Amino acid sequence: MRKYLLDLTVSSNEKLSGNYILMKLTSEEKLPEMLPGQFAEVRVDGSPSTFLRRPISIHYVDRNTNELWFLIQLVGDGTRKLADLKKGDLLNVMLPLGNSFSMPTTEQKELLLVGGGVGTAPMLMLGSVLKNLGFEPTFLLGARSKKDLLQLDKFEAYGNVFVTTEDATYGEKGFVTNHSILKQKKFDKIYTCGPTPMMKAVAAYASKNGIECEVSLENTMACGIGACLCCVTDTKEGHKCVCSDGPVFNIKDLKWQI
Amino acid sequence: MADLTTNIGKLVMKNPVMTASGTFGYGEEFSDFIDISKIGGIIVKGTTIKHREGNPYPRMAETPSGMLNAVGLQNKGVDYFIEHIYPRIKDTDTNILVNVSGSTVADYVATAEKIAALDHIPAIELNISCPNVKEGGMAFGTSCASAESVVSAVRKAYGKTLIVKLSPNVTNIAEIALAVEAAGADSVSLINTIMGMAINAEKRRPVLSTVTGGLSGACVKPIALRMVWQVAKAVKIPVVGLGGIMNATDAVEFLLAGASAIEIGTANFIDPTITIKVAEGINDYLERHGFKSVKDIIGQLETA
Ligand SMILES: Cc1cc2nc3c(=O)[nH]c(=O)nc-3n(C[C@H](O)[C@H](O)[C@H](O)COP(=O)(O)OP(=O)(O)OC[C@H]3O[C@@H](n4cnc5c(N)ncnc54)[C@H](O)[C@@H]3O)c2cc1C
Ligand SMILES: Cc1cc2nc3c(=O)[nH]c(=O)nc-3n(C[C@H](O)[C@H](O)[C@H](O)COP(=O)(O)O)c2cc1C
Ligand code: FES
């Protein structure tokens, strides 16, 4: 897939509950094709401690308004500088990068999309694509607390949404893997993105129950396009680049101890 | 348009901009963003006689105005390069150079011999300065005797343009450059990365799996510039300058300090079109100052 280097215009940059922003970007040209699971490398200007670009997942692409959405957690100076951008400002992005979640096979009907924290970001794009293909995906979203649950109404447009919070402020208490939906329903394929311990727990559940599972990794990156080999993960075929061979991997190819 | 052509030994380049090994893949990774044939030379990834997995993750730490890496020469080996990668890139209309690394003199020689047989590779860059491998690598580049032994052995086996890449992790880089020149190198390139480290205080652990790594990016430029200037004064062979070049002004500074060509590394990660911009920017500088050729500014630093 062709990659682009673009200056996109911020059309809105909204502060969400907790420590998150929802940034929408547009362009006079039609935005390039992007697939669920892909990401952008964003250049951060005006932050002396931010030297490299920042990888950010494609949260959603609204073709009606020609807008790209990013859901960003403010963790350091780079992401905080992104929060300062105002409507009309330009943001330099390289995109679309990486592979994508693979579409279900004809036998795979019940799909579970598990997101933890800001790892829910790519799940909205994935849910919208699956819904368009005629699936009714199930979302299972985990967060520390109610204020860390993002975009719930958006997810509800594409499927059933189940929630866990660690402090029981919303949905069921605990981690995603404790949710009762996993006992009630049999899933054919699981997609997940979030903190590594969560993804490992989901992968362990999937492999115990013989369910195909794809995870989206977030290794630290320098180039984002497979040139520097900084972002590797250990697979059964040796080191692979998370930025170009991933970020999505099938758990059967990873060397995770689960 | 000024004349941007420059020479490194027998190697003729359409402009003085090359890409630094390990930061530009095999060039193909960048071809959606730029016409890579417009770059003066592409130096591909560090290549060794056998496949190397490199070091475990994490291999990268961002630092103020720079980064540390500890990739450790991950590559599929020279035979894989010749069979699978060379056929795809050999017809690119620019100079393709291979960065040759090894753990023993015999490894370096064997790899260089195999690359010598490839018609479309006019030169190699001998990496005697990688700080991220346990044996060999930088060890060869940190003493005059070992640098001389590996360069003279490769010189006997390799007839095309031989560039030797120097380590900045030495007390006197000009001495090493002189030893390498005496051993028959056609050119020296400098600098490779500077040994550094990063600590995660919260976790009380090093950031890199290897504890130490190699520093590159804007923060190393003043050190690189000083070393290029010292080496260019000491040797007669052409010098290739690199380390922290982020824009055309940086590149011109290296040319003034005595470099006949420059390489761009880490800056490619921030702007994948930077090589083309720097080549254009060097031309703008020459025109603005009324120089007809890039050769008119090489080593023209006025210190008096
Ligand atoms: C493919 C990919 C997709 C991503 N998508 C999103 C997204 O959609 N939304 C979002 O908010 N974030 C996403 N991230 C993470 C995001 O890139 C980092 O949070 C961001 O780079 C932090 O930059 P900063 O300058 O604010 O913080 P820094 O000052 O760089 O770091 C702050 C803290 O976060 C840690 N950190 C930084 N990057 C990472 C990382 N990649 N993994 C683990 N810890 C890290 C640092 O060690 C440090 O403790 C993604 C990462 C990857 C690799
Ligand atoms: C991720 C990475 C990988 C590198 N790999 C190699 C390599 O394989 N061989 C080599 O000679 N130098 C390697 N280098 C060093 C660069 O070629 C260059 O000497 C150094 O980064 C300084 O230039 P810069 O500041 O422009 O990046 C690597 C540097 C980086 C950042
Ligand atoms: S970040 Fe450079 S190869 Fe993945």
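Residues numbered from 1 in each chain as written. Chains lettered and ligands numbered in written order. Predicted model: local features only at pLDDT ≥ 70, side-chain atom pairs only at ≥ 80, totals over all residues. Heavy atoms only, no water.

Colleague: Could you clarify how one ought to interpret the pairing of strand 4 (residues 41-47) of chain B in this entry?
Modeller: Both faces of the sheet carry side chains from a regular strand, because those side chains alternate between them. All names here are of chain B. When you tally the buried positions in strand 4, you get seven out of seven residues, the bulk of the element. Relative to strand 4, strand 3 (residues 17-19) runs parallel, the two being bridged by two bridges. The residue of strand 4 that forms the bridge with Met18 is Gly41. In the sheet, strand 4 pairs with strand 7 (residues 95-100) via six bridges, with the strands oriented parallel. Paired with Val44 across the strands is Val98, a residue of strand 7. (Buried < 20%, exposed > 50% of the residue type's maximum accessible area, 1.4 Å probe, protein only. Helix = DSSP H or I, 4+ residues; strand = E, 2+ residues; numbered from the N terminus. Pairing = 2+ DSSP bridges.)

Colleague: Where do I start with the state of the cysteines in this structure?
Modeller: Simply put, disulfide is the name for a covalent bond between the sulfur atoms of two cysteines. All names here are of chain A. The full count for this structure, using the stated rule, is zero disulfides over all chains. The thiol sulfur of Cys230 is not disulfide-bonded, and the nearest other cysteine sulfur, from Cys228, lies at 3.5 Å. The exposure class assigned to Cys230 is buried, which follows from its relative accessible area of 2%. (Disulfide = S-S within 2.5 Å.)

Colleague: Any chance you could explain the interface of chain B and chain A here in plain terms?
Modeller: Interfaces are frequently sized by the accessible area removed from exposure as the parts join. Of the residues lining the interface, 33 residues belong to chain B; the matching set on chain A comes to 29 residues. The tally of links from chain B across to chain A stands at one salt bridge. A salt bridge links Arg54 of chain A to Glu62 of chain B, with the nearest nitrogen and oxygen atoms 2.8 Å apart. Applying the counting criterion to the chain B and chain A interface returns 10 residue pairs in polar contact (both at pLDDT 80 or more). Secondary structure elements with two or more residues in the side of chain B that touches chain A: strand 5 (60-63), strand 6 (66-69) and helix 7 (267-270) of chain B. (Contact = heavy atoms within 4.5 Å. Salt bridge = Lys/Arg side-chain N within 4 Å of Asp/Glu carboxyl O. Polar contact = N/O pair within 3.5 Å; in protein donor to acceptor, adjacent residues only side chain to side chain.)

Colleague: Could you clarify how one ought to interpret the site of ligand 1 in this entry?
Modeller: All names here are of chain A. Taken together, 19 residues surround ligand 1, and among them Arg54, Pro55, Leu71, Gln73 and Thr79 come closest. Contacts to ligand 1 include Pro55, whose backbone N or O atom sits 2.7 Å from an oxygen atom. Between ligand 1 and Gly78 there is a distance of 2.9 Å, counted from an oxygen atom to a backbone nitrogen or oxygen. Protein chains bury 70% of the 890 Å² of accessible surface belonging to ligand 1 in isolation. (Near = heavy atom within 4 Å. Areas by Shrake-Rupley, 256 points an atom, 1.4 Å probe, with all protein chains shown as cover.)

Colleague: Mind showing me how you'd approach the layout of surface pockets here?
Modeller: Left-over empty space is what a probe sized like a water molecule reveals as it rolls over the atoms. Its volume calculated, the second largest pocket comes out at about 630 Å³. Lining of the second largest pocket is provided by 29 residues; of these, Leu229 and Asp245 of chain A together with Tyr26, Gln74 and Lys76 of chain B occupy positions nearest its centre. Listed by contribution, the elements that provide at least two residues to the lining of the second largest pocket are strand 15 (238-241) of chain A together with strand 4 and helix 1 (78-89) of chain B. In the lining of the second largest pocket, the residues fall into eight nonpolar, 10 polar and 11 charged. (1 Å grid on protein atoms, 1.4 Å probe; cavity = no way out; pocket = protein on both sides within 12 Å on 5 of 7 lines; lining within 4 Å. Points joined across faces, edges and corners; volume = space filled by probe spheres on them. Nonpolar A, V, L, I, M, F, W, Y, C, P; charged D, E, K, R; others polar.)

Colleague: Explanation requested: helix 5 (residues 221-234) of chain B in the structure shown.
Modeller: Working note: α-helix, 3.6 residues per turn, so residues spaced by three or four point in the same direction. Here helix 5 of chain B spans 20 Å end to end across 14 residues, near enough to the 20 Å set by a 1.5 Å rise per residue. For helix 5 of chain B, the secondary structure elements touched by its buried residues are helix 4 (173-182), strand 10 (187-190), strand 15 (239-242), helix 6 (248-256) and strand 16 (259-264) of chain B. (Expected span 1.5 Å × (residues − 1).)

Colleague: So what exactly am I meant to see when it comes to empty space enclosed by the protein here?
Modeller: Residues and elements named next belong to chain B. Tallied over the entire structure, the rule returns three cavities of 30 Å³ or more. Of the pockets and cavities examined, the largest cavity occupies roughly 540 Å³. Taken together, 38 residues form the lining of the largest cavity, with Ser21, Thr23, Asn69, Asn192 and Thr193 sitting closest to its centre. Elements represented by at least two residues in the lining of the largest cavity include exactly strand 4, strand 6, strand 14 (212-216), strand 16 and helix 7. Considering only enclosed or pocket space, the second largest cavity measures out at about 50 Å³ in volume.

Colleague: Which parts of the structure should I look at to understand the packing of helix 5 of chain B against helix 6 of chain B?
Modeller: Two quantities define a packed helix pair, namely the angle between the axes and the distance from one axis to the other. Residue and element names in this part refer to chain B. The geometry of helix 5 relative to helix 6 is characterised by a closest axis approach of 9 Å and an angle of 25 degrees between their N-to-C directions. In this view, helix 5 runs roughly parallel relative to helix 6, as classed from their interaxial angle. Between helix 5, through Lys221, Ala224, Leu225 and Val228, and helix 6, the contact on the second element is made entirely by Asp250, Glu253 and Phe254. Residue composition of the contact of helix 5 with helix 6, by class: four nonpolar, no polar and three charged. (Axes fitted to C-alpha atoms, helices over the stretch in contact; angles between N-to-C directions. Parallel < 35°, antiparallel > 145°, perpendicular 65-115°, else oblique.)

Colleague: For this particular structure, what's the right way to read the domain arrangement of chain A?
Modeller: Residue and element names in this part refer to chain A. In terms of domain boundaries, chain A breaks down into domain 1 (4-97) and domain 2 (111-253). Each of domain 1 and domain 2 has a C-alpha centre, and the two are 21 Å apart. Contacts between the two partners involve 24 residues from domain 1, matched on the other side by 25 residues from domain 2. Between domain 1 and domain 2, a total of about 2000 Å² is buried, with carbon and sulfur atoms accounting for 69% of that surface. For the pair domain 1 and domain 2, the number of links is zero salt bridges. (Domains from an automatic or database assignment. Buried area = accessible area lost by both parts, 1.4 Å probe.)

Colleague: Would you explain the pattern of salt bridges in this entry?
Modeller: Proximity of charged atoms lets side chains of opposite charge pair with each other. Counted according to the given criterion, the structure contains 18 salt bridges over all chains. Its salt-bridge partner being Glu110 of chain A, residue Lys185 of chain A comes within 3.4 Å of it at the nearest N-O pair. In this pair, Lys185 of chain A sits in the loop between helix 4 (181-184) and strand 12 (189-193) while Glu110 of chain A sits in the loop between strand 7 (90-97) and strand 8 (111-116), placing the two residues 75 residues apart along the sequence. On the accessibility criterion, Lys185 of chain A (28% relative accessible area) is partly exposed. For Glu110 of chain A, a relative accessible area of 28% puts it in the partly exposed group. Two residues, Asp79 of chain B and Lys114 of chain B, come together in a salt bridge whose shortest N-O distance is 2.8 Å. With Asp79 of chain B in helix 1 and Lys114 of chain B in helix 2 (residues 105-116), the pair connects residues that are 35 residues apart, well separated along the chain. Residue classification places Asp79 of chain B among the partly exposed positions, given a relative accessible area of 41%. Look at Lys114 of chain B and you get partly exposed, because its relative accessible area is 33%.

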